[in-house]
Structure formats: C-alpha cells, structure tokens
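# Examination of the molecular architecture
Residue strings, one per chain:
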Amino acid sequence: MPLIAILPGDGIGPEVTAEARRVLDALDLGLSFEEAPVGGAAYFSAGHPLPPATLDLAKRADAILFGAVGDPRCDALERHLRPEQAILGLRKELGLFANLRPAKLFPGLEDASALRPEVAGAIDMVIVRELNGDVYFGEKGMRTTASGRREGYDIMSYDEDEVARIAKVGFETARVRKGKLCSVDKANVLETSQLWRDVVIEISAQYPDIALTHMYVDNAAMQLVRNPGQFDVIVTGNLFGDILSDQASMCAGSIGMLPSASLDGSGKGLFEPIHGSAPDIAGQGKANPCATILSAAMLLRYSLGMDAAADRVESAVTAALTGGARTADLGGTLSTAAMGDAVVKALG
Ligand code: NAD
Ligand code: IPM
Ligand code: MN
C-alpha cells in the first residue's frame with residue numbers, strides 16, 4: 001500500500017492540503033497517509049522547521065504532499081530556523097532537482113487572468129525549474145567591509161552536470177508535448193548563464209527532434225505577458241523559475257491554480273502548490289485549494305503511475321470550474337471547503 005506523507009505546514013497550507021486529502025480519499029485508491037509538522041508549525045512544536053521525524057517520514061514515503069511554509073512570526077529568527085528552510089531542506093536532502101510547474105488556462109478562467117481573454121486563452125506551458133542549485137544553495141552570509149559597511153552576499157553557481165540533468169528533463173518534457181523548448185537565462189551578463197546556455201546546446205545534440213530556442217530572462221518576463229501562447233516548455237534556473245512561475249500563474253488566472261512536482265529522477269517526488277502560506281488570508285477559508293488538488297493529481301501520475309486517477313482529478317477540477325465554482329481569487333464567493341466539495345462532487 002503506497003505511503004503518502006502529508007506535510008501541511010503553515011498559514012493556508014493545512015486548509016488546502018485538507019481538501020486535496022479529501023479528493024484522494026474519495027478516489028478510494030488504497031493509499032495510506034501519515035502526517036507530520038513542517039515549517040513554522042514544526043518550529044513551534046518541535047523547535048526546528050524540519051524535525052528529524054518529519055524528514056524521516058519524507059524519506060520513507062512513496063510521495064509527499066506538501067502545503068506551504070512561512071510564518072511572519074518567524075521572520076526575525078536566525079535563517080536556519082526559519083520555516084522556508086524546511087522546503088529547501090527537503091528539496092536538497094531528497095535530491096529533488098527537477099521542478100515541473102504546469103501553467104495552463106482552465107476553461108472559463110479567461111476573466112480571472114490579468115491578461116486579455118484572447119491572450120490568456122492560449123496559455124499552456126510547463127516551466128521546468130532547476131531546484132537544487134543556483135544562488136539558493138551557494139555560499140551566503142553577512143560581513144562587514146573594510147570601510148565598515150554591512151554587506152550581504154549569495155554566491156550563484158551551477159556546474160555542468162547540474163545543468164545537463166535539468167536540460168534533459170526539459171527536452172524530455174518537450175518531447176511528450178509540442179516539441180518546443182525555450183531555455184531562459186541571462187547569458188549576456190552572468191557566467192553561470194553562459195555555462196547554462198553552452199551545456200543546453202551540447203545536450204540538444206541528443207534531441208534533434210526538439211526545437212530549441214534561448215531567451216534572456218528579462219525578455220521572457222515581457223513575452224510571458226505579451227504572448228504567453230508562444231511557450232511550450234521553458235527550462236530555467238532556480239531563481240528565474242521561481243519568479244517566472246508566479247508571473248505565469250497570474251496570466252493563467254490565479255496563483256491558487258498552479259501545482260508543481262519536484263522530482264529526483266527515480267519517480268519519488270514532493271508535490272506542492274507553487275504559492276506560499278498566504279498569511280493575509282490564512283484561517284479565513286478563502287484559499288483556493290485547486291493548486292494543491294492538482295498537485296495531488298501530479299502525485300498520482302508521477303510517483304504512483306496512477307494516470308487514470310490523475311486524469312479523473314484533473315477532469316473534476318475542470319468540471320467544477322466549468323460549473324461555475326469559484327473561490328475569491330477567481331472572482332467567486334466559495335470557501336476553500338466548498339471548492340473542495342465541488343471537486344469531490346465532480347469526481348462522480
Ligand atoms: P504567497 O504565495 O503566500 O501569497 C501571495 C499572494 O497570493 C497573497 O495575497 C495570497 O493571499 C495570494 N494567494 C496565495 N495562494 C493563494 C490561494 N491558494 N488562494 C488564493 N490566494 C492565494 O506569497 P507571499 O505572501 O510572498 O509569501 C507568504 C509566505 O509564504 C512567506 O513566508 C514565503 O516565504 C512563503 N512561501 C512559501 C512557499 C512554499 O512553501 N513552497 C512558496 C512561496 C512562498
Ligand atoms: C516556492 C517558494 C520557495 C522558493 C521559498 C519559500 C523557499 O517561493 O516554492 O516557489 O523560493 O523556491
Ligand atoms: Mn515561489
């Protein structure tokens with residue numbers, strides 16, 4: 001019986017994971033679940049954002065369903081104790097280097113997009129974000145310069161193997177979609193990006209069937225709102241992928257709609273919405289649970305090979321939205337639980 005670790009986390013994390021759990025339960029797939037605290041919740045209950053028991057569960061489980069971490073009460077803690085270190089630690093400890101963030105416009109959400117309906121309607125892309133390297137994991141610190149000023153630093157780096165393995169994920173993802181891969185970098189300024197571009201070009205020799213293009217990240221940000229329909233698969237580094245995926249979410253209607261899969265290449269994965277703990281709406285039943293429900297669908301597909309069940313969940317979300325179910329971020333009035341109800345009902 002596959003074991004799913006549920007790590008709800010902070011803020012709206014518990015609210016949205018509860019709805020995804022209800023959807024999984026309703027499918028009656030014979031899964032077992034174990035829950036553990038993570039992030040600020042774990043700091044307050046166990047003194048650390050990623051306690052050993054939580055990490056142990058994550059390692060034992062076949063897949064992880066993750067809510068969100070982040071708590072304003074923790075912003076002044078030393079960095080290693082902050083909630084965000086839990087998700088960074090899980091990604092690193094479990095070797096989850098490939099983050100797939102699909103962004104597509106669900107039918108009927110044209111009016112929720114920040115873009116004109118005819119521009120928004122064409123959105124159907126996957127952002128493949130590298131998740132174990134870049135400026136996130138380089139040496140960082142605060143120091144005092146010779147002249148007595150405070151200086152913060154974060155080293156950005158990638159080695160060629162790290163670029164090669166995520167490039168392959170990008171090409172493979174494009175191969176099962178429309179065959180178009182856009183590599184996003186800042187090779188006009190950064191050495192990290194020059195290596196990125198060189199290695200992506202080298203790997204492209206193994207994928208003659210894929211149409212590869214390159215784009216600077218500033219242009220990519222502009223093109224995402226000008227003509228998002230031009231993108232099929234984007235492959236990019238950790239920081240650029242973080243920023244561009246939040247932007248893509250709003251083009252597609254709401255940050256409450258975008259799921260993600262973080263994979264280690266063997267099938268094991270962590271599945272989470274791309275959004276955070278949303279302290280501004282936490283505890284009010286306002287959060288859109290669709291991103292987490294769609295993350296559960298990705299869990300079924302990528303970690304458990306249950307494609308038919310994943311299809312059912314995605315169709316149910318589509319049917320609920322088509323039927324008019326909307327949380328506040330989509331311009332509606334439904335609560336988090338009522339949106340979950342609508343999806344469960346649409347499962348049939
Ligand atoms: P956020 O994604 O939490 O929220 C940004 C805005 O989007 C807020 O106005 C919020 O209300 C809204 N929003 C987010 N998810 C929503 C949903 N499902 N339904 C409706 N509205 C939604 O980003 P933030 O405010 O910059 O960060 C808050 C905290 O979350 C910080 O501590 C941050 O570090 C953390 N964070 C964690 C993760 C993660 O756990 N993977 C991801 C992003 C941010
Ligand atoms: C995300 C978040 C995280 C990131 C933070 C909370 C560490 O923004 O999952 O997108 O930057 O990767
Ligand atoms: Mn982010």
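Please read these numbers as outputs of a predicted model, since none were measured by experiment.

What follows covers the site of ligand 2. All residues in the neighbourhood of ligand 2 are listed as Glu84, Ile87, Leu88, Asp242, Ile274 and Gly276. Broken down by element, the residue count for the shell around ligand 2 peaks at three residues, all from helix 4 (residues 84-93).

On the UniProt side, "site: Important for catalysis" (unreviewed entry) is annotated at positions that read Tyr136 and Lys186 here. The exposure class assigned to Tyr136 is partly exposed, which follows from the 18 C-beta atoms found within 10 Å. Among residues more than four places away in sequence, those in contact with Tyr136 are Leu88, Asn238 and Leu239. Following the sequence through the fold, Lys186 ends up in the loop between strand 8 (180-185) and helix 7 (191-204). Look past the residues within four positions of Lys186 in its chain and what remains in contact with it is Ser193, Tyr216 and Val217.

Looking now at the site of ligand 1. In the region of ligand 1, 21 residues are neighbours, and Gly70, Gly256, His275, Gly276 and Asn288 sit closest. The residue makeup of the shell around ligand 1, split by class, is 11 nonpolar, six polar and four charged.

On to helix 9 (residues 238-251). Between its terminal C-alpha atoms helix 9 stretches 20 Å, which fits the 20 Å expected from 14 residues at 1.5 Å a residue. Where helix 9 is concerned, the buried positions are Asn238, Phe240, Gly241, Leu244, Ser245, Ala248, Ser249 and Met250. As for helix 9, its buried residues are in contact with strand 4 (98-104), strand 5 (124-130), strand 8, helix 8 (217-226) and strand 10 (233-236). With its phi angle positive at about 125°, Gly253 sits one or two positions after the end of helix 9.

Thresholds, definitions, all that
- Residues numbered from 1 in each chain as written.
- Chains lettered and ligands numbered in written order.
- Predicted model: local features only at pLDDT ≥ 70, side-chain atom pairs only at ≥ 80, totals over all residues.
- Near = placed C-beta within 6 Å.
- Helix = DSSP H or I, 4+ residues; strand = E, 2+ residues; numbered from the N terminus.
- UniProt positions renumbered as here; feature names shortened; annotations may be inferred.
- Buried ≥ 20, exposed ≤ 12 C-beta atoms within 10 Å, placed from the backbone.
- Contact = placed C-beta atoms within 7 Å.
- Nonpolar A, V, L, I, M, F, W, Y, C, P; charged D, E, K, R; others polar.
- Expected span 1.5 Å × (residues − 1).

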